[in-house]
Amino acid sequence: MLHILVCDPDKNFTKYLKSLLQIYFYKLDYDTDIKIFNNGESFLDFYFKNNQKIDLIISEVDISDFSIRKLISTVRISDENLPIILITNNYKEIYNLVEFKLTNYIIKDNFSSKKEKLLMQIEDILSEKISIKIKMGHNLSKYCISDIMYFQIENRKIYMYLFFERKIFVSYRSLKELKRYLDNSFFKFANEYSLVNENNIISIKNNIISMKNGDSITISRRNKAYFKDI
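**Student:** Please set out the overall build of the protein chain residue by residue, giving values where relevant.
**Tutor:** Helix and strand content of the protein chain: 7 helices and 15 strands. The burial tally for the protein chain puts 47% of its 230 residues in the buried class. Restricting to contacts in the protein chain with at least 6 residues of sequence separation, those with at least 24 account for 55%. Total accessible area computed for the protein chain in this model is approximately 13,300 Å², and 48% of it derives from carbon and sulfur atoms. The protein chain carries 35 positive and 29 negative side-chain charges, and their two centres are separated by 6 Å.

**Student:** Break down the nonpolar core for me, citing the residues and quoting the values.
**Tutor:** Among the nonpolar cores identified, the biggest contains 42 residues, and Phe-25, Ile-58, Ile-122, Ile-134, Phe-151, Met-160 and Phe-187 are the most heavily contacted of them. The element that contributes the greatest number of residues to this core is helix α1 (residues 11-27), accounting for 6 residues. Apart from residues lying up to four places away in sequence, Phe-151 is in contact with Ile-134, Ile-158, Tyr-159, Met-160, Val-170, Leu-175, Leu-178, Leu-182, Phe-187, Tyr-193, Ser-194 and Leu-195. Counting 20 residues, the second largest nonpolar core, distinct from the first, contains Cys-7, Phe-43, Val-61 and Ile-63.

**Student:** Please provide a residue-by-residue account of the side chain of Lys-188, values included.
**Tutor:** You can see Lys-188 is positioned in strand β11 (residues 187-191). Classification of Lys-188 as buried rests on a relative accessible area of 19%. Once you skip the residues sitting within four places of it in the chain, Lys-188 turns out to touch Ser-194, Leu-195, Val-196, Glu-198, Tyr-226 and Phe-227.

**Student:** Report on the sheet that holds strand β3 (residues 56-60), specifying residues and quantitative values.
**Tutor:** Judged by pairing direction, the sheet is parallel, and its 5 strands sit side by side in the order β2-β1-β3-β4-β5 without closing on themselves. Looking at which strands have only one partner, the edges of the open sheet turn out to be β2 (32-37) and β5 (104-107). On average, adjacent strands in this sheet sit at an angle of 15° to one another, irrespective of strand direction. Bridge analysis of strand β1 (residues 2-7) against β3 gives 4 bridges, and the strand direction is parallel. Across the sheet, residue Cys-7 finds its bridge partner in β3, namely Ser-59. The sheet contacts of helix α3 (residues 68-78) involve β1, β3 and β4 (84-88), and relative to β4 the element is tilted by about 175°.

Calculation notes
Residues numbered from 1 in each chain as written. Predicted model: local features only at pLDDT ≥ 70, side-chain atom pairs only at ≥ 80, totals over all residues. Heavy atoms only, no water. Helix = DSSP H or I, 4+ residues; strand = E, 2+ residues; numbered from the N terminus. Buried < 20%, exposed > 50% of the residue type's maximum accessible area, 1.4 Å probe, protein only. Contact = heavy atoms within 4.5 Å. Areas by Shrake-Rupley, 256 points an atom, 1.4 Å probe, with all protein chains shown as cover. Lys, Arg positive; Asp, Glu negative; His and termini not counted. Charge placed at Lys NZ, Arg CZ, Asp CG, Glu CD. Core = buried A, V, L, I, M, F, W, Y, C linked by side-chain atoms within 4.5 Å. Pairing = 2+ DSSP bridges. Axes fitted to C-alpha atoms, helices over the stretch in contact; angles between N-to-C directions.

See the structure below:
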């Protein structure tokens with residue numbers, strides 16, 4: 001799941017933007033968790049109390065209770081590389097903030113005519129979270145994360161289970177090595193033999209995970225905590 005934070009006092013605009021992002025990523029078969037904040041104080045309060053990794057921040061430059069410089073600099077202290085897109089009608093303000101490694105900016109007055117371009121740019125920014133390269137022999141093959149159900153050890157070999165294909169052998173020495181390589185919070189250990197994609201879980205009942213491809217995986221007692229919020 002992609003976690004996106006939007007900060008803008010304009011409630012009509014944030015409602016529209018949230019709907020736009022949800023529909024766009026839904027068509028890509030990807031879940032989003034989009035949180036809306038109408039002031040800087042509530043935004044930063046959530047940002048520091050939140051347990052999940054944030055994938056993207058979109059913020060209006062003109063925040064009445066906060067300077068945008070303070071908001072961005074505070075975020076940058078904890079994460080130097082988090083993508084940040086600013087919304088503004090003030091070009092000059094953007095130039096004053098280039099030191100903070102801004103990802104992009106949106107001119108609000110032109111938003112309707114530029115929204116498709118913006119959505120494609122956001123998809124590109126988040127591409128590493130949407131797709132990953134998997135090692136197969138001496139080659140790397142690219143797969144959409146939403147197509148990967150889980151990885152499983154069988155007869156001392158690791159297989160990747162996809163939605164449309166039964167299983168594919170992958171070249172990793174262990175699931176722990178694979179997990180480190182993925183560096184992705186979407187994949188969680190259900191047990192010592194199975195690494196599952198939480199985005200493709202339909203339900204969990206009696207410690208049995210039901211996946212979108214119809215497979216079932218047992219959660220071990222020691223790994224139950226990984227799935228308590230799903």
